[in-house]
There are 2 protein chains.
Amino acid sequence: PDQQLRNFFSLNHLDRASEKRKDKDWLQAKISDETSQFLLLSELKPFVLPIKDKTSKWRYRLCWLDHNKISSHLTSDTVILFLGIDHSSSQSLFAIDVSGKEESKFKDLQPEGSFMVPFPGSLQMEPSDAGIFAEARSMMDWLERYKFCATCGSSTDITEGGHKRVCRNQECKSNKGIHNTAYPRTDPSVIMLVISADGKRCLLGRKKQFPAKMWSCLAGFMEPGESIEDTVRREVEEESGVKVGRVDYHSSQPWPFPASLMLGTIAYAKTEDIKVDEDEMEDAQWFRRPEIVQMLTHQHPQGLYIPPEQAIAHQIIKSWVRNTASSNL
Amino acid sequence: PDQQLRNFFSLNHLDRASEKRKDKDWLQAKISDETSQFLLLSELKPFVLPIKDKTSKWRYRLCWLDHNKISSHLTSDTVILFLGIDHSSSQSLFAIDVSGKEESKFKDLQPEGSFMVPFPGSLQMEPSDAGIFAEARSMMDWLERYKFCATCGSSTDITEGGHKRVCRNQECKSNKGIHNTAYPRTDPSVIMLVISADGKRCLLGRKKQFPAKMWSCLAGFMEPGESIEDTVRREVEEESGVKVGRVDYHSSQPWPFPASLMLGTIAYAKTEDIKVDEDEMEDAQWFRRPEIVQMLTHQHPQGLYIPPEQAIAHQIIKSWVRNTASSNL
Ligand SMILES: Nc1ncnc2c1ncn2[C@@H]1O[C@H](COP(=O)(O)O)[C@@H](O)[C@H]1O
Ligand SMILES: Nc1ncnc2c1ncn2[C@@H]1O[C@H](COP(=O)(O)O)[C@@H](O)[C@H]1O
Ligand SMILES: [Mg+2]
Ligand SMILES: [Mg+2]
Ligand SMILES: [Mg+2]
Ligand SMILES: [Mg+2]
Ligand SMILES: [Mg+2]
Ligand SMILES: [Mg+2]
Ligand SMILES: [Zn+2]
Ligand SMILES: [Zn+2]
């Protein structure tokens, strides 16, 4: 019964050790520990190795380097992020930011290694590494983009192995009471497959930036004061003009570009007429189940397709197709 | 079929008009429109009226004031937040920040009005007003706490009726590409009722700050790179030592103190032994269903109780009690 769908980017088996990482001495000891392993990130590109096994579905894995190899690259201002403990190997894993350094220099450490442009490359990463990459990329982006205190504009210091920032201005109210400016940010967004009232069709859209012939679920960021279900209703109406009633949760997926949490749902339409939001969308249309099956299996006569299995949109669409398999749609 | 649980703080029927609010002229016209209505917030306390109807379950409603009444309080630096359009009355609703002004002065506008300390007062607010308050409070907190650009430390300007900030430094990379520093922040957190492997007990905890005798679900913030289900497993293990397998989504709730999105779940334990996280929790214990029923109905012999119905914790616990009603637990 605990077999649940685990979306791509969420297979991270590390123990984040959120208590231990608060302890500066423990962290320092782990950074210098000869068993600890380091992932390099240059401008958010991870240092990866090719997977040569031709039977593997995946093309890349993360390249881990031990303290010996990277110590000459550590300076007092290098950003070191604690990722977690891998209990299977008893190793502590870190990511370090090497942005600005000459990327080719790191070839000396591992001749087969390279810095990979993460999108769409990370979709070809071995899934349990992709989960670690998701943590590393979203955290490193936050460390890079949130250097200043949003409350007073002062500089901040990194603590807790990269999982918190503290304003240097002691008078700043970010140093008192309950608030969120010190912590990494995660943006909840909804993504939904809208089903027609007769149950026979689903609504897909094309954002302007999509590759030609790709269609996907509608999606949008949550706003303050909304429930998941309300955001689904608002975004579907904004983007397509269709009104939605019931909304059922499907699964969730971290999407580290830069820090989204995708909340996947199936939504039930109360109306049919489509009015596309021309600012965001190129088009939105109802598709019958047989056509969706063609799109899912790359057998569509006009070559239309949906995102790959690594995307939660694919999983939601596949669920609907499966759950309607025995009906005569 | 579209009858779904709507948690407190999520009954906001306003049209947020996310396209229209980008149009400065439209906004300016609405601000000066004599039909528009304004909610005052002083240090995040809403200006409210008492509900005198003794048959009502609720004690407060929001006090709306029209442009005439508040115009003398508007200065060039007053923060004006567009909340949305109420289509039932064709009015545009706004919140304005009057922090720092003498609160008693506003009594002249409405002698029965008062600024209410929002917690726990807002739990006594008429639910559809509480939904609008949730939007207003979390947005106003963001406008107040995120005045500076986190990327470069410069000042920012408010745009889109308060729903976006733009860095004044034109060279700043927050003015290019995809990122999130410009947008209001919502912090996804999980809250979970953990059920024992035999299905007969559930796990409740006491945080150190809880009022005496109150027990509730465990809860915690999501971290970057996690799915909802993984956060539930991590937080339950951190706070109680119990290992969780399957996790089922229940419902979601905005919690505007300051900007949480509570993701309610039911989680199924794989182990029993409890090891309380002494830093965060005072205690955690398994409770049998009959005792939960006593706590839910305020009939517990020692006076133990759970949070009120306005809290998602209450709704999750009630669901479990209901769904196990016909079994002999
Ligand atoms: N956290 C965020 N990150 C990026 N864009 C956001 C965010 N919140 C709101 N937006 C806006 O949402 C638009 C995308 O629309 P949608 O995903 O449908 O909500 C972007 O172009 C932004 O204007
Ligand atoms: N966005 C956030 N807002 C407030 N506290 C946070 C946030 N993210 C992490 N925390 C930390 O989480 C602690 C509460 O623990 P928990 O709710 O169990 O995750 C707080 O005391 C903070 O140290
Ligand atoms: Mg969208
Ligand atoms: Mg949107
Ligand atoms: Mg949208
Ligand atoms: Mg936590
Ligand atoms: Mg907690
Ligand atoms: Mg916790
Ligand atoms: Zn500060
Ligand atoms: Zn800036």
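Residues numbered from 1 in each chain as written. Chains lettered and ligands numbered in written order. Predicted model: local features only at pLDDT ≥ 70, side-chain atom pairs only at ≥ 80, totals over all residues. Heavy atoms only, no water.

> Help me understand the interface of chain B and chain A, please; the structure alone is not making it clear to me.
When the parts of a complex come together, some accessible area is lost, and that lost area is often used as the size of the interface. Each side of the interface is counted separately: chain B has 65 residues, and chain A has 65 residues. Its largest share of buried area at the contact with chain A, chain B owes to Arg145, Arg185 and Pro224 of chain B, together 14% of the area lost on that side. The interface formed by chain B and chain A holds ten salt bridges in total. The residue glutamate 226 of chain B makes a salt bridge to arginine 16 of chain A at a minimum N-O spacing of 3.7 Å. Here chain B and chain A share 38 residue pairs in polar contact (both at pLDDT 80 or more) between them. At the level of elements, helix 4 (127-145), strand 10 (187-195), helix 5 (228-240), strand 13 (244-255) and strand 14 (260-269) of chain B are the ones that each hand at least two residues to the side of chain B that touches chain A. Top contributing element to the side of chain B that touches chain A by residue count: strand 13 of chain B, with seven residues. Broken down by class, the residue content of the side of chain B that touches chain A amounts to 24 nonpolar, 17 polar and 24 charged. (Contact = heavy atoms within 4.5 Å. Buried area = accessible area lost by both parts, 1.4 Å probe. Salt bridge = Lys/Arg side-chain N within 4 Å of Asp/Glu carboxyl O. Polar contact = N/O pair within 3.5 Å; in protein donor to acceptor, adjacent residues only side chain to side chain. Helix = DSSP H or I, 4+ residues; strand = E, 2+ residues; numbered from the N terminus. Nonpolar A, V, L, I, M, F, W, Y, C, P; charged D, E, K, R; others polar.)

> Looking at this model, I keep getting lost on the coordination of the magnesium ion (ligand 8). Mind explaining?
Put simply, the ideal angle at a metal is 109.5 degrees for four donors in tetrahedral geometry and 90 or 180 degrees for six donors in octahedral geometry. Residues and elements named next belong to chain B. Donor atoms from the polypeptide that bind the magnesium ion (ligand 8) are Glu235 (OE), Glu239 (OE) and Glu280 (OE), placed at 2.1 to 2.5 Å. All donor residues of the magnesium ion (ligand 8) come from one chain, and their arrangement in sequence is E-x3-E-x40-E. A separation of 3.6 Å is found between the magnesium ion (ligand 8) and the magnesium ion (ligand 6), both of which receive a donor from glutamate 235. Taken as a pair, glutamate 235 and glutamate 239 lie in helix 5 at a separation of four residues, close to a single helical turn. For the pair glutamate 235 and glutamate 239, a shared accessibility class is recorded, and that class is buried. (Donors = N, O, S within 2.8 Å, 3.2 Å for Na, K, Ca; no water. Buried < 20%, exposed > 50% of the residue type's maximum accessible area, 1.4 Å probe, protein only.)

> Which parts of the structure should I look at to understand the domain arrangement of chain A?
Residue and element names in this part refer to chain A. Here the domain parsing of chain A yields domain 1 (20-145) and domain 2 (187-323). Computed over C-alpha atoms, the centres of domain 1 and domain 2 are 33 Å apart. The interface of domain 1 with domain 2 comprises twelve residues on the first partner and eight residues on the second. The junction of domain 1 with domain 2 conceals about 780 Å² of combined surface from both sides, 70% of it contributed by carbon and sulfur atoms. Considering only the surface of domain 1 that becomes buried against domain 2, Phe119, Leu123 and Arg137 emerge as the three largest contributors, covering 48% of it. (Domains from an automatic or database assignment.)

> What exactly am I supposed to notice about the UniProt feature "domain: Nudix hydrolase" (unreviewed entry) in chain A here?
On the UniProt side, "domain: Nudix hydrolase" (unreviewed entry) is annotated at positions that read residues 184-310 of chain A here. Spanning residues 184-310 of chain A, this segment combines 17% helix with 39% strand, and its end C-alpha atoms are found 24 Å apart. (UniProt positions renumbered as here; feature names shortened; annotations may be inferred.)

> Please clarify how unusual backbone geometry should be interpreted in this entry.
Here the residue pair phenylalanine 119 of chain A and proline 120 of chain A is connected by a cis peptide bond, since its omega of 5° sits within 30 degrees of zero. By the secondary structure assignment, proline 120 of chain A is in helix 3 (residues 118-121). Look at the link from phenylalanine 257 of chain B to proline 258 of chain B: it is a cis peptide, with omega at 0°. Tracing the chain through its elements places proline 258 of chain B in the loop between strand 13 and strand 14. In the Ramachandran plot, phenylalanine 9 of chain A falls in the positive-phi region, its phi being about 75° despite a non-glycine side chain. With respect to the helices and strands, the residue phenylalanine 9 of chain A is situated in the segment before helix 1 (24-32). A positive phi angle, near 75°, is found at lysine 213 of chain A, a position not held by glycine. Here lysine 213 of chain A shows up in the loop between strand 11 (201-207) and strand 12 (218-221). Taking relative accessible area as the criterion, lysine 213 of chain A reaches 43% and is therefore assigned partly exposed.

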